[in-house]
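Architecture and fold: a report
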Amino acid sequence: MDKTRTVIIAFVVILLIAAGAFAYISANSHNTKIDVLSNETLKNGASVRIMLTDEYRNAYPGEIVYIKILDESGWAHKYEDKTDDMGEGSVELQGFDNGNYTLHCNFNGTMFNKPSHSLTNLNINDGLG
């Protein structure tokens, strides 16, 4: 009977610690936001610039942001970029045809930072017919 009681007490203690950890992380996690800093119309050779911040505009340096540029047919150009000390990242546009694209940015989050997704229209126009 002592062994069963010890196991039950250990289980309850572990459950309370897990619930406390979950509550602490939930209470201290921040919403994140990905802003596109670039113009909506760009040329080949220009860079798409993004910034990862929290709800209070604090930058998140050293975080991975996944960038996907989709053309009108659904073809995806995928990139992975690490934010700099100011929370900014960029991808250089090379070899794109003139046209409309959709820019998807994803941050998967961390223990204390919630995931974020951004969707922006992008037009690439080199000024050539």
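These notes cover the structure that comes with them. All figures in this text were calculated on a predicted structure; none of them were measured in a lab.

The five strands are arranged 2-8-7-4-5 in an open sheet whose pairing can be described as mixed. Each edge of the open sheet is held by one strand with a lone partner, namely strand 2 (41-42) and strand 5 (76-82). Pairing between strand 4 (residues 64-71) and strand 5: seven bridges, direction antiparallel. Paired with lysine 68 across the bridge in strand 5 is lysine 78.

Turning to the nonpolar core, a few remarks are in order. Formed by 18 residues in total, the largest nonpolar core has its most connected members in Ile34, Val65, Ile67, Ile69, Leu93 and Cys105. Broken down by secondary-structure element, the contributors of at least two residues to this core are strand 3 (47-54), strand 4, strand 7 (99-107) and strand 8 (116-124). Aside from chain neighbours lying at most four places away, what touches isoleucine 34 is Ile50, Met51, Leu52, Val65, Cys105, Asn106, Phe107, Ser116 and Ser118.

With that settled, the discussion passes to the side chain of serine 38. You can see serine 38 is positioned in the loop between strand 1 (32-36) and strand 2. In this structure the side chain of serine 38 is engaged in a polar contact, spanning 3.1 Å, whose partner is the backbone oxygen of serine 47. Looking at serine 38, its side chain comes within polar contact range of the main-chain nitrogen of arginine 49, at 2.5 Å. Leaving out residues up to four positions away in the same chain, serine 38 has contacts with Ser47, Val48 and Arg49.

So, on to the sheet that holds strand 1. Spatially, 1-3-6 is the arrangement adopted by the three strands of the open sheet, whose pairing is antiparallel. Strand pairing shows two members of the sheet lacking a second neighbour, strand 1 and strand 6 (88-92), which therefore form its edges. Strand after strand, the sheet turns through a mean of 20° between neighbouring axes, direction not considered. Pairing of strand 1 with strand 3 involves five bridges; the strand directions are antiparallel.

This paragraph deals with a nonpolar patch on the surface. Judged by side-chain polarity, Ile8, Phe11, Val12, Leu15 and Leu16 come together as a nonpolar surface patch covering roughly 520 Å² of accessible area. With respect to the helices and strands, the residue valine 12 is situated in helix 1 (residues 2-28). Of the residues examined, valine 12 reaches a relative accessible area of 39% and is grouped as partly exposed.

A few words on the pairing of strand 6. Of the two faces of strand 6, the one holding Gly89 and Val91 is buried and the one holding Glu88, Ser90 and Glu92 is not buried anywhere. Across five bridges, the pairing between strand 3 and strand 6 is antiparallel. Counted as the bridge partner of serine 47 is glutamate 92 from strand 6.

The next subject is the environment of isoleucine 34. Tracing the chain through its elements places isoleucine 34 in strand 1. Assessed through its relative accessible area of 6%, isoleucine 34 is described here as buried. Sequence separation between isoleucine 34 and valine 65 is 31 residues, and the spatial gap between their C-alpha atoms is 8.9 Å.

What follows deals with the packing of aromatic side chains. For the structure on display, the rule yields one aromatic pair. Each ring, one from phenylalanine 96 and one from tyrosine 101, has its centre 5.4 Å from the other, and the planes form 90°; the classification is edge-to-face. Using a relative accessible area of 5% as the deciding quantity, one classes phenylalanine 96 as buried. Residue tyrosine 101 is classed as buried on the basis of its relative accessible area, which comes to 8%.

What counts, and at which threshold
- Residues numbered from 1 in each chain as written.
- Predicted model: local features only at pLDDT ≥ 70, side-chain atom pairs only at ≥ 80, totals over all residues.
- Heavy atoms only, no water.
- Pairing = 2+ DSSP bridges.
- Helix = DSSP H or I, 4+ residues; strand = E, 2+ residues; numbered from the N terminus.
- Core = buried A, V, L, I, M, F, W, Y, C linked by side-chain atoms within 4.5 Å.
- Buried < 20%, exposed > 50% of the residue type's maximum accessible area, 1.4 Å probe, protein only.
- Contact = heavy atoms within 4.5 Å.
- Polar contact = N/O pair within 3.5 Å; in protein donor to acceptor, adjacent residues only side chain to side chain.
- Axes fitted to C-alpha atoms, helices over the stretch in contact; angles between N-to-C directions.
- Patch = residues over 30% accessible without salt bridge, like charges linked within 9 Å, V, L, I, M, F, W, Y side chains within 5 Å.
- Areas by Shrake-Rupley, 256 points an atom, 1.4 Å probe, with all protein chains shown as cover.
- Salt bridge = Lys/Arg side-chain N within 4 Å of Asp/Glu carboxyl O.
- Phe/Tyr/Trp six-rings, centres within 6.5 Å; stacked < 30°, edge-to-face > 60°.

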